[in-house]
Amino acid sequence: QVQLVESGGGLVQPGGSLRLSCAVSGSIFRIYTMGWHRQAPGKERELVTSIISGGSANYADSVKGRFTISRDNAKNTADLQMNSLKPEDTAVYYCKAQVLVGSIVYDYWGQGTQVTVSS
């Protein structure tokens, strides 16, 4: 059983900052890619950023220069620092992890955390 628990969402004014955290627990042998996705009302879920265990990350063009993902392999956590937030960043943010369980790699998702950027 593997669980992802997210925290850190909330309401922030445009230009503000938020930090999201994702913790993975359970029967984990190894975690490969971790990432954050988001889904705004009426839109499809989209990839925001992802990071491999070695630390290399990629970002959607819409968040480059504003968002930073980091991970702690020892703690099985990944954080998303979001700066210069815009109203269009409003969405439910989901953490995703590719986890090796036994000999199979599974994709696991968190429950989502709401981020609202509004004045």
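Above this text you will find the structure in question.
The rules behind the values
- Residues numbered from 1 in each chain as written.
- Predicted model: local features only at pLDDT ≥ 70, side-chain atom pairs only at ≥ 80, totals over all residues.
- Heavy atoms only, no water.
- Helix = DSSP H or I, 4+ residues; strand = E, 2+ residues; numbered from the N terminus.
- Rg over C-alpha atoms; globule rule 2.2 N^0.38 Å.
- Buried < 20%, exposed > 50% of the residue type's maximum accessible area, 1.4 Å probe, protein only.
- Contact = heavy atoms within 4.5 Å.
- Areas by Shrake-Rupley, 256 points an atom, 1.4 Å probe, with all protein chains shown as cover.
- Lys, Arg positive; Asp, Glu negative; His and termini not counted.
- Charge placed at Lys NZ, Arg CZ, Asp CG, Glu CD.
- Phe/Tyr/Trp six-rings, centres within 6.5 Å; stacked < 30°, edge-to-face > 60°.
- Lys NZ or Arg CZ within 6 Å of the ring centre and 35° of its normal.
- Pairing = 2+ DSSP bridges.
- Axes fitted to C-alpha atoms, helices over the stretch in contact; angles between N-to-C directions.

Comments concerning the overall build of the protein chain
Broken down by element type, the protein chain carries zero helices and 11 strands. Each helix (α) and strand (β) of the protein chain, taken in turn from the N terminus, gives the series β-β-β-β-β-β-β-β-β-β-β. Over its C-alpha atoms the protein chain spans a radius of gyration of 14 Å, differing by no more than 12% from the 14 Å that the globule rule assigns to 119 residues. The principal-axis extents of the C-alpha atoms in the protein chain amount to approximately 45 × 25 × 20 Å. Relative to its full complement of 119 residues, the protein chain shows a buried share of 39%. The long-range share in the protein chain, meaning contacts at least 24 apart out of those at least 6 apart in sequence, stands at 55%. For the protein chain, the accessible area works out to roughly 6,300 Å², and carbon and sulfur atoms hold 47% of it. Here the protein chain carries 11 positive and 9 negative side-chain charges, and the mean point of each set is 3 Å from the other.

Quick notes on the packing of aromatic side chains
One pass over the full model with this rule turns up two aromatic pairs. Measuring from ring centre to ring centre gives 6.5 Å for Y94 and W109, while their planes differ by 80 degrees; the resulting arrangement is edge-to-face. One end of the pair, Y94, is in strand β9 (residues 91–101); the other, W109, is in strand β10 (residues 104–109), and 15 residues separate them in sequence. Seen in terms of ring centroids, Y106 and Y108 are 6.1 Å apart; in terms of plane orientation they differ by 55 degrees. Their pairing is tilted. Seen from the ring of Y94, R45 lies directly overhead, with NZ or CZ sitting 3.7 Å from the centre.

Regarding the environment of G35
Structurally, G35 is set in strand β4 (residues 30–39). Considered as a pair, G35 and Y94 are 59 residues apart in the sequence and their alpha carbons are 8.3 Å apart. In this structure, G35 is in contact with T49, S50, I69, Y94, C95 and K96, ignoring residues within four places of it in sequence.

Re the sheet that holds strand β1 (residues 2–7)
Ordered in space as β1-β3-β8-β7, the four strands form an open sheet in which the pairing is antiparallel. Because the sheet does not close on itself, it has two edges, and the strands there are β1 and β7 (67–72). Across the sheet, the mean angle from the axis of one strand to that of its neighbour is 15 degrees, orientation sign disregarded. By the bridge criterion, six bridges tie strand β3 (residues 18–26) to strand β8 (residues 77–82) in an arrangement that is antiparallel. Looking across to β8, one finds that C22 is bridged to A78.

Keep in mind that these numbers describe shape and distance, not what the molecule does.
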